[in-house]
Amino acid sequence: MCGRYTLHGSPAALKAHFGTTNELDLKPRFNIAPSQTVPVIGLDATGNRVFIEARWGLIPSWVKDSAELQQPINAKAETAAIKPMFRHAYRKSRILVPADGFYEWVVKNGKQPYLIRLKDNEPMGMGGLLEHWQGPEGEVKTFTILTINANPLMAKIHERMPVIIRPEHYGSWLDKGLTDVIKIQEMVQPYPERFMEAYPVSRAVNSPAHDSKELIEAVEG
DNA sequence: CCAGACGTTGTT
DNA sequence: GTCTGG
DNA sequence: CCAGACGTTGTT
DNA sequence: GTCTGG
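Notes on the structure in this doc start here. (Residues numbered from 1 in each chain as written. Chains lettered and ligands numbered in written order. Predicted model: local features only at pLDDT ≥ 70, side-chain atom pairs only at ≥ 80, totals over all residues. Heavy atoms only, no water.)

Turning to the overall build of chain A, a few remarks are in order. Helix and strand content of chain A: 5 helices and 13 strands. Computed over C-alpha atoms, the radius of gyration of chain A comes to 17 Å, within 12% of the 17 Å expected from 2.2 N^0.38 for 221 residues, which places it in the range of a compact globule. Taking the intrachain contacts of chain A between residues at least 6 apart in sequence as the baseline, contacts between residues at least 24 apart amount to 66%. Charge separation in chain A, taken as the distance between the mean sites of 26 positive and 25 negative side-chain charges, equals 4 Å. (Helix = DSSP H or I, 4+ residues; strand = E, 2+ residues; numbered from the N terminus. Rg over C-alpha atoms; globule rule 2.2 N^0.38 Å. Contact = heavy atoms within 4.5 Å. Lys, Arg positive; Asp, Glu negative; His and termini not counted. Charge placed at Lys NZ, Arg CZ, Asp CG, Glu CD.)

Here you go:
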């Protein structure tokens, strides 16, 4: 699955990769955890690709009291099209969650984290869903990350992995006019293992309080 | 009809 | 064991 | 996802 | 909001 990730590329590099048109105020992040507010990528009213600040953990628009409901950080890509919590956003409000890598854990003498990233070191656009919730303090934007079966590389570490959208699909992934579930499903596939790499990192990653560049350095697993 | 749920993961 | 906070 | 808390009363 | 269970 995907329960922790990194986003440390420069705003300029992220803008170049994702084709966003607004400014991004981002300090490097090496340990993004659920419940935190981070930039995701969607379209503005005129169809421009933009960074949007949103909170990780989805609250559907129909929820009255957000404390009553779980706020899922992941949604199964295989079933998101039909689940009440996700199907609206699946058809109408898909986003890209920019990341430079993500963490998964193996239980081995405790919990050993691994960092997974693209071999070419490009940022990745994880497939996500955005919802707008009207709370007592005004509108809150929240998101969840889609997961899918692991590819063979990832399967050594974990059974599930985040959906990673191929750059050539960014346009149609974000297209609010594309609501055909069959066509959406075609973009939701395990990312090919030949483009990815994984290595063990410091257990300091385990605490979300830690957030420094040392966390992404390889260690003996 | 109304009431209540609406999620994923890993682990057992 | 289970919930909350980050 | 993992780490850390998990409680009440009365007093300051 | 919408579906399921009773």
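What follows covers the side chain of Asn-31. Among the structural elements, Asn-31 can be located in strand E2 (residues 29-32). At 3.1 Å, the side chain of Asn-31 and the side chain of Arg-4 are in polar contact. At a separation of 3.0 Å, a polar atom in the side chain of Asn-31 contacts the main-chain carbonyl oxygen of Val-205. Beyond its immediate sequence surroundings of up to four residues, Asn-31 is in contact with Arg-4, Tyr-5, Gln-36, Tyr-103, Val-205, Ser-207, Pro-208, His-210, Asp-211 and Leu-215. (Polar contact = N/O pair within 3.5 Å; in protein donor to acceptor, adjacent residues only side chain to side chain.)

Near DNA strand B lie 17 residues; those nearest to it are Trp-62, Gln-70, Lys-76, Thr-147 and His-158. Considering the 4 Å shell around the protein, atoms of DNA strand B inside it are sugar or phosphate in 65% of instances. Within the side chain of Gln-70, an N or O atom sits 2.7 Å from a base nitrogen of DNA strand B. For DNA strand B, a phosphate oxygen lies 3.0 Å from a polar atom in the backbone of Lys-76. Top element by residues in the surface near DNA strand B is strand E5 (residues 74-76). It accounts for 3 residues. Broken down by class, the residue content of the surface near DNA strand B amounts to 9 nonpolar, 5 polar and 3 charged. (Near = heavy atom within 4 Å. Nonpolar A, V, L, I, M, F, W, Y, C, P; charged D, E, K, R; others polar.)

A few words now on the protein's contact with DNA strand D. DNA strand D sits among Met-1, Gly-3, Arg-4, Pro-34, Ile-73, Trp-105, Lys-111, Asn-206 and Ser-207. Counted by atom, the contact set of DNA strand D within 4 Å of the protein is 72% sugar and phosphate. Side-chain polar atom of Arg-4 to a sugar or linking oxygen of DNA strand D: 2.7 Å apart, as the coordinates give it. Asn-206 places a main-chain nitrogen or oxygen 3.3 Å from a sugar or linking oxygen of DNA strand D.

Our next topic: the environment of Thr-20. Checked against the element boundaries, Thr-20 lands in the loop between helix H1 (11-18) and E2. Distance in space between the C-alpha atoms of Thr-20 and Asp-175 is 14 Å, their sequence separation being 155 residues. Setting aside its immediate chain neighbours within four residues, Thr-20 contacts Leu-14, Lys-15, Ile-41, Arg-49, Val-50 and Phe-51.

A positive phi is found at Ser-35, a non-glycine position, where the angle reads about 85°. Mapped onto the elements of the fold, Ser-35 is located in the loop between E2 and strand E3 (37-43). Look at Ser-35 and you get partly exposed, because its relative accessible area is 43%. In the Ramachandran plot, Asn-109 falls in the positive-phi region, its phi being about 50° despite a non-glycine side chain. For Asn-109, the location among the structural elements is in the loop between strand E7 (101-107) and strand E8 (111-118). Among the residues examined, Asn-109 registers a relative accessible area of 73% and is labelled exposed. (Buried < 20%, exposed > 50% of the residue type's maximum accessible area, 1.4 Å probe, protein only.)

What follows deals with the sheet that holds strand E13 (residues 196-200). With antiparallel pairing, the 5 strands of this open sheet are ordered in space as E2-E1-E7-E8-E13. Each having just a single partner strand, E2 and E13 make up the two edges of the open sheet. When the angles between neighbouring strand axes are averaged without regard to direction, this sheet yields 30°. Pairing between strand E1 (residues 5-7) and E2: 2 bridges, direction antiparallel. Residue pairing across strands places Tyr-5 opposite Ile-32, the latter belonging to E2. (Pairing = 2+ DSSP bridges. Axes fitted to C-alpha atoms, helices over the stretch in contact; angles between N-to-C directions.)

Our next topic: the nonpolar core. Counting 58 residues, the largest nonpolar core has Tyr-5, Phe-102, Phe-143, Leu-146, Trp-173 and Met-196 as its most contacted members. Among the elements that line this core, the one with the most residues is strand E4 (residues 49-56), at 5 residues. If we ignore the near neighbours within four places in the chain, the residues touching Leu-146 are Ala-75, Ala-77, Ala-80, Tyr-90, Gly-127, Leu-129, Met-161, Pro-162, Val-163 and Trp-173. Counting 8 residues, the second-largest nonpolar core is a separate cluster that includes Phe-30, Tyr-199, Val-201 and Leu-215. (Core = buried A, V, L, I, M, F, W, Y, C linked by side-chain atoms within 4.5 Å.)

Read these as geometric descriptors, not functional statements.
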